[in-house]
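Examining the three-dimensional arrangement
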Amino acid sequence: MAFYIVQFLTGLASAASLFLVASGLSIIFGVTRIVNFAHGAFYMLGAYVAFTLTERFSGAFGFWGGIVVAALAVAAIGVLVEMVLLRRIYHSPELFQLLATFGLTLMVEDLVVLIWGPDDLVGRRAPGFKGAIDFFGQNIPSYDLFLIVLGPVVLGVLWLLFQRTRWGVLVRAATQDRDMVAALGVNQKWLFTSVFALGVFLAALGGALQIPRDAVNHAMDLRVIVEVFVVVVIGGLGSIIGAFVAAVLVSELNAFGILIFPKISIILVFLVMAVVLIVRPWGLFGKPEAPARRTPGLTVNPWRPLTMNERLAAIAVLVVAAALPFVAGNYVLTVGSEIAIFVIFAVSLHFLMSVGGLASFGHAAYFGLGAYGVALLAKMAGLPMIACLLLGPLLGLLGAAVFGFFAVQLSGVYFAMLTLAFAQIVWSIAFQWVSVTGGDNGILGVWPEKWAASPSHFYWLSLGIAALAVVILRIIVFSPFGFALRATRDSPLRSEAVGINGKRIQWTAFVIAGTVAGLAGALFAYLKGSVFPDNMGISLSVDALVMVLLGGVETVSGAVVGAIVYKALNIWLVSQTDWSKLVLGGFVVLIVVAFPKGIVGTLEAFLHRRRKSSSAASPVLTSRIETAE
Amino acid sequence: MSMAPTLLSVEDLTKSYGGVHAVRGVSFELHAGEILALIGPNGAGKSTCFNVLNGQIIPDSGRVKLLGEDTTGKKPRVIWRMGVGRTFQIAATFPTMTVRENVQVALVSHGGQLFNLWASTARHARDEAGRLLDLVGMGAYAERPCGELAYGDVKRLELAIALANQPKLLLMDEPTAGMAPRERVELMRLTARIAREQSIGVLFTEHDMDVVFEHADRILVLNRGTLIAEGSPEEVRGNAQVRAIYLGEGLLYDARHREGASA
Ligand SMILES: Nc1ncnc2c1ncn2[C@@H]1O[C@H](COP(=O)(O)OP(=O)(O)OP(=O)(O)O)[C@@H](O)[C@H]1O
Ligand SMILES: [Mg+2]
């Protein structure tokens, strides 16, 4: 019995940090409507800065002073970020906000390694809370007891702040109705900045307070942000009470999940989250989301199938690509195969994101499932390669069917957070279920059979499948199903009112996208000869998002161009610099701020303008083009 | 008119939001081919009635029957398949598609082709869509992007979409809001003609009393969620309570005045 009580108290102690970070995210979201992906990065920065202050400058501030100063310093960085970056994107579609703050996260990860080095740092214990208390033969660290008290105290302070101060009243008013506050003549800019500062302060404090419990490392940002997303999905975005209750719930589930499913403890959290989503899609304390700002919406160019000439041009490009083995060496062909595989991956996400309006932040899960599907079939069942390539992606299909069912119940930022959390769950299973997946060591020796083994043959195989995938998805885009999917994206209200079951349509699209991603993963396993948990990691999910964004979210086939350009750049960059995340993150932020239409979108807009101006000169031409559309 | 079968019957509908009784104890019937107007000042509960009728919201109590079948609590898409088309107070269309494609989507759905992954939509029911667009006077705009249309044209497109499933009942929430006066009269004439030809029952709401008195066979007057009058245009015009509500706005007087002037 005592053991369970101690386990319960440990859970409560873990909840404190989680609550701080989640409440910060919720407060920022409530006022600015931005889901700050970089919140985990601020949490991590808080921990690193606090480490330095308590280790090197403990004389100046003392331990506790160091913790508070660290949180304040990171909050100041937050203010800078808000003023320089966020102010430019408050009116952007939420997908762009998520991506920009994710780009920041990538940059911070590399910066942290640059400054503090790659190794884990073990901080000192908190003065006055170094020992442990004996509880019927079980030890409870006294610092845990401190954290258990701290959580409710912070909750109380926040409550007082929002109920009893003029600033708090303004924040609550802004959460209800942003325009009203503007009408009251409040300086909205500074209200937003101060709210962001408070949110970042809470995140950094949460990180700083972790150093007596856990080593500081440069992967803690993603770990915490996934947990925080799970917390706000359960508790409801924008609710501080919700953040508290859900933080406790998630931490307890983690604490006891280890006892029930020692191998895959995260399953329990997933099950609870699934139940909450079915019963209360907006979280325990959340309110239904206002209609999402449309993710597309930069242009109103209707999509049209390729004309005959464009089709011939596409075939010509394909023929040229197919001739590559006659002029290029093995390295180039291997790179070419990888690019072809990522074209498949990118178009599958594009289908979900641009056609379906569902921006998944965890699409790599289905890529990885396809890869593991192949590896398991090849290694355990010993099936031939063709059979593996056909059956392996079915694991992606299965995963997409299960997770997609829950994910499509939500939309917008909730959808993004949920898909990210699902992907992280799949990743953890691959990582923790060592007996089947090999854990961190992955599964090795998944080599193609002889007929596909040479780089040129494998390249042709990948190119052929990529071309097939692009064509099939394009056909689906212009099929009745594709129109139903776009209709659901454009106006859920109208599509429901013309008999379209939007959720069913979106679920089907999710499964299609997951299966195609699984196919890409299956090929990837053969290309690399191995699979690892990182094949379903967050950074791979983000790669896919960036490819789609770079090509142009609003175009029919921008993802193809985006994948080719991005993957080529990426492979080159990784070979050139150790700080690829820094460059990549900066690149993502830049696209979002300066180049939101992407390559193909910009090109289309340019051609459209030219056509418009030339059509003014020749009315005959106009009518022809218009009927062609 | 009373000989026609009862298309829609509404019994004792009630819906409240927190303390606000949006709709309280509303009952009425609508016959096939009849044009029924539901009028009332802002916030009277008109849109709430429409939303209950097409399944968008579930009433606290009361029942809705379509041709004798209970539709209360059914989903909008199910009610649509039972033959109910609707337009919204704030027009809802698919802005990234062309005008024709907007109608084609409804036709695809009506034809049970939603999960067809292979066919080309461009060829699906193209002429049928064109016919519906011609019907509402939008034929010339068929290939325009819907997002570029003037608001009045979007409203007409919405009517074409609502007609795509050959409805038995049309629900039109302020179909002419945002239109020029001339356009309003035209659109309602068109609607009335289609309704008579195809024997469609129409329930519409409208703030322009000229339009209401010209086209409605019967009028329901809603005030603060309750029906306060019901009858032919003449009866409603003569009703003291209705006059009291509208007196401040001068609408009834205006309508009659203008009608007299034009006669
Ligand atoms: N979702 C909602 N939540 C809270 N109150 C609502 C909601 N929808 C409607 N109401 C309230 O119910 C009442 C009736 O609203 P409704 O939209 O049905 O009126 P209406 O007659 O259509 O008005 P209008 O002529 O302005 O369109 C109003 O007082 C409105 O404020
Ligand atoms: Mg209304």
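Residues and elements named next belong to chain B. Protein-derived ligands of the magnesium ion (ligand 2) are Ser47 (OG) and Gln89 (OE1), with the metal-ligand distances lying across 1.9 to 2.1 Å. With Ser47 in helix H1 (residues 46–53) and Gln89 in the loop between strand E6 (84–87) and helix H3 (99–110), this residue pair connects regions lying 42 residues apart in the sequence. We classify Ser47 as partly exposed; its relative accessible area is 23%. With relative accessibility at 33%, the residue Gln89 sits in the partly exposed group.

All names here are of chain B. Bridge count for strand E1 (residues 6–17) against strand E4 (residues 61–66) is five bridges, and the pairing is antiparallel. Bridge assignment links Ser9 to a residue of E4, and that residue is Lys65. The pairing of E4 with strand E5 (residues 69–70) spans two bridges and is classified as antiparallel. When the sheet's bridge partners are listed, Leu66 is paired in E5 with Glu69.

What follows concerns the sheet that holds strand E2 (residues 20–31) of chain B. All names here are of chain B. Across the sheet, which stays open at both edges, the four strands sit in the order E2-E1-E4-E5 with antiparallel pairing between neighbours. Taken across any chain shown, the strands that pair with only one partner, and hence form the sheet edges, are E2 and E5. Against the sheet, H1 engages E1, E2 and E4, with an angle of about 120° to E1.

Residue and element names in this part refer to chain A. A surface patch of nonpolar side chains, about 540 Å² in accessible area, is lined by Phe3, Tyr4, Ile258, Leu259, Ile260 and Phe261. Counting only elements with at least two residues in the nonpolar patch, the list comes to helix H1 (2–32) and helix H10 (240–260). With three residues, H10 is the largest single contributor of residues to the nonpolar patch. When you line up the elements, Phe3 lands in helix H1.

All names here are of chain A. Where helix H5 (residues 142–164) contacts H10, the axes come no closer than 11 Å and their chain directions differ by 175°. When the interaxial angle is binned, H5 and H10 end up roughly antiparallel. Contact residues: Gly151, Pro152, Leu155, Leu158 and Phe162 in H5; Ile240, Ile241 and Phe244 in H10. Among the residues forming the contact of H5 with H10, the class breakdown is seven nonpolar, one polar and no charged.

Once that is clear, we can look at the site of ligand 1. Residue and element names in this part refer to chain B. In the region of ligand 1, 13 residues are neighbours, and Gly43, Lys46, Ser47, Thr48 and Gln89 sit closest. Here an oxygen atom of ligand 1 and a backbone polar atom of Gly45 are 2.9 Å apart. Calculation on ligand 1 without its partners gives an accessible area of 640 Å², and the protein chains cover 61% of this total. Of all the secondary-structure elements, those providing two or more residues to the shell around ligand 1 are E2 and H1. A per-element tally of the shell around ligand 1 places H1 first, with three residues. Among the residues making up the shell around ligand 1, the classes are represented as four nonpolar, seven polar and two charged.

Residue and element names in this part refer to chain B. Strand order in this open sheet of six strands is E6-E7-E8-E3-E9-E10, and the pairing throughout is mixed. Of all the strands in the sheet, just E6 and strand E10 (226–231) have a single pairing partner and so form its edges. In this sheet, adjacent strand axes meet at a mean angle of 15° when their direction is disregarded. Strands in contact with helix H6 (residues 181–198) are strand E3 (35–39), strand E7 (169–173) and strand E8 (201–205); relative to E3, the strand with the most contacts, it is inclined by about 135°.

A separate point is the domain arrangement of chain B. Residues and elements named next belong to chain B. According to the domain assignment, chain B contains domain 1 (1–83 + 167–263) and domain 2 (89–166). With 21 residues of domain 1 at the interface, the matching set in domain 2 holds 17 residues. With both sides pooled, the region where domain 1 packs onto domain 2 buries about 1600 Å², and carbon together with sulfur makes up 59% of that total. At the surface where domain 1 touches domain 2, the tally comes to zero salt bridges. Seen at the junction of domain 1 and domain 2, the total is four residue pairs in polar contact (both at pLDDT 80 or more). Among the secondary structure elements, those contributing two or more residues to the side of domain 1 that touches domain 2 are helix H2 (76–81), E7 and H6. Here the element with the most residues in the side of domain 1 that touches domain 2 is H6; it accounts for six residues. When its residues are assigned to classes, the side of domain 1 that touches domain 2 shows eleven nonpolar, four polar and six charged.

Let us now look at the pairing of E7(B). Residues and elements named next belong to chain B. For E7, a buried count of five out of five residues is recorded, marking the element as mostly surrounded by other parts of the structure. Two elements, E6 and E7, share four bridges in a ladder whose sense is parallel. By the bridge assignment, Gly85 is partnered in E7 with Leu170. Taken together, the five bridges between E7 and E8 define a ladder with parallel strand orientation. Paired with Leu171 across the strands is Leu203, a residue of E8. Viewed along the sheet, the connection from E7 through H6 into E8 turns out right-handed.

Conventions we followed
- Residues numbered from 1 in each chain as written.
- Chains lettered and ligands numbered in written order.
- Predicted model: local features only at pLDDT ≥ 70, side-chain atom pairs only at ≥ 80, totals over all residues.
- Heavy atoms only, no water.
- Donors = N, O, S within 2.8 Å, 3.2 Å for Na, K, Ca; no water.
- Helix = DSSP H or I, 4+ residues; strand = E, 2+ residues; numbered from the N terminus.
- Buried < 20%, exposed > 50% of the residue type's maximum accessible area, 1.4 Å probe, protein only.
- Pairing = 2+ DSSP bridges.
- Contact = heavy atoms within 4.5 Å.
- Axes fitted to C-alpha atoms, helices over the stretch in contact; angles between N-to-C directions.
- Patch = residues over 30% accessible without salt bridge, like charges linked within 9 Å, V, L, I, M, F, W, Y side chains within 5 Å.
- Areas by Shrake-Rupley, 256 points an atom, 1.4 Å probe, with all protein chains shown as cover.
- Salt bridge = Lys/Arg side-chain N within 4 Å of Asp/Glu carboxyl O.
- Parallel < 35°, antiparallel > 145°, perpendicular 65-115°, else oblique.
- Nonpolar A, V, L, I, M, F, W, Y, C, P; charged D, E, K, R; others polar.
- Near = heavy atom within 4 Å.
- Polar contact = N/O pair within 3.5 Å; in protein donor to acceptor, adjacent residues only side chain to side chain.
- Domains from an automatic or database assignment.
- Buried area = accessible area lost by both parts, 1.4 Å probe.
- Right-handed = clockwise from strand over helix to strand, strands pointing away.

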